[in-house]
Amino acid sequence: MEKEFDLTQLAQYDGQDGRPAYVAIDGVVYDVTAVPAWKGGKHHGNTAGNDLSAAIAHAPHEKAVLTKLPKVGTLK
């Protein structure tokens with residue numbers, strides 16, 4: 001069953017101190033913990049635990065990378 005997150009709950013998944021790293025894109029929450037580029041919860045100036053819907057539009061890979069990530073819930 002998928003979990004529903006609000007922004008405060010999502011912020012707890014920042015990839016720091018052993019916590020999982022989650023990001024929200026267009027209302028879907030993805031787990032980026034196992035992605036080497038997200039080590040430590042940071043990737044090209046972006047931080048896990050946030051809604052990165054606007055930021056991904058400027059990424060060279062755009063949304064194509066999302067199909068490879070596990071979905072863990074939705075952002076309410």
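For every chain, the first residue of the written sequence is number 1, and numbering continues from 1 onward in sequence order. Whole-chain, interface and lining totals are the exception, using all residues; otherwise, since this is a predicted model, local features are given only for residues with pLDDT of at least 70 and side-chain atom pairs are given and counted only at 80 or more. Note: side-chain values were computed over all heavy atoms of the structure, leaving out hydrogens and water.

S.K.: What's the story with the overall build of the chain in this structure? I'm lost.
M.R.: Within the chain one finds two helices and six strands. The numbering of helices and of strands both runs from the N terminus, where a helix is a DSSP run of H or I of at least 4 residues and a strand a run of E of at least 2. Taken from the N to the C terminus, the helices and strands of the chain come in the order β-α-β-β-β-β-α-β. We compute the radius of gyration over the C-alpha atoms and compare it with the globule rule, which gives 2.2 Å times the number of residues raised to the power 0.38. Relative to a compact globule of 76 residues, whose C-alpha radius of gyration would be 11 Å, the chain shows 11 Å and is just as compact. For the C-alpha atoms alone, the extent of the chain along its principal axes is close to 30 × 25 × 20 Å. Only protein chains enter the calculation, and the probe is 1.4 Å; a residue is then buried if its accessible area is under 20% of its type maximum, exposed if over 50%, and partly exposed in between. A total of 76 residues make up the chain; the buried ones form 34% of that total.

S.K.: Quick question: what am I supposed to make of the side chain of Asp14 here?
M.R.: Considering the arrangement of structural elements, one finds Asp14 in the loop between helix H1 (7-10) and strand E2 (22-25). Pairs of N or O atoms within 3.5 Å make up the polar contacts considered here, provided that, within protein, one atom can donate a hydrogen while the other can accept it, and that residues adjacent in sequence are counted only when both atoms are side-chain atoms. For Asp14, the side chain forms a polar contact with the side chain of Arg19, separated by 2.9 Å. For this analysis, residues touch if any pair of their heavy atoms sits within 4.5 Å. Not counting chain neighbours up to four residues away, the residues in contact with Asp14 comprise Arg19, Pro20, Ala21, Gly40, Gly41, Ala48 and Gly49.

S.K.: I tried to follow the environment of Asp17 on my own but got confused; where do I start?
M.R.: Within the element layout of this structure, Asp17 appears in the loop between H1 and E2. Of the residues examined, Asp17 reaches a relative accessible area of 72% and is grouped as exposed.

S.K.: Quick question: what am I supposed to make of the sheet that holds E2 here?
M.R.: The strands that make up a sheet pair up through hydrogen bonds in the backbone, lying either parallel or antiparallel. DSSP calls a pair of strands paired once it identifies at least 2 bridges connecting them. With mixed pairing, four strands are arranged side by side in an open sheet as E1-E6-E3-E2. One side of each edge strand has no neighbouring strand; the edge strands of this open sheet are strand E1 (3-5) and E2. Taken pair by pair, the neighbouring strands of this sheet meet at an average axis angle of 35°, ignoring direction. Pairing between E2 and strand E3 (residues 28-31): four bridges, direction antiparallel. Within E3, the residue paired with Val23 across the bridge is Tyr30. What counts as an axis is a line fitted to C-alpha atoms, over the stretch in contact for a helix, and the angles between N-to-C directions run from 0 to 180 degrees.

S.K.: Would you explain the environment of Lys3 in this entry?
M.R.: Along the polypeptide, Lys3 turns up in strand E1. It is 22 Å that separates the C-alpha atoms of Lys3 and Trp38, two residues lying 35 residues apart in sequence. Residues within four places of Lys3 in sequence aside, it is in contact with Tyr13, Val72, Gly73 and Thr74.

S.K.: Honestly, the pairing of strand E6 (residues 71-75) in this entry has me stumped. Any pointers?
M.R.: Both faces of the sheet carry side chains from a regular strand, because those side chains alternate between them. Taken together, the three bridges between E1 and E6 define a ladder with parallel strand orientation. Paired with Lys3 across the two strands is Gly73, which belongs to E6.

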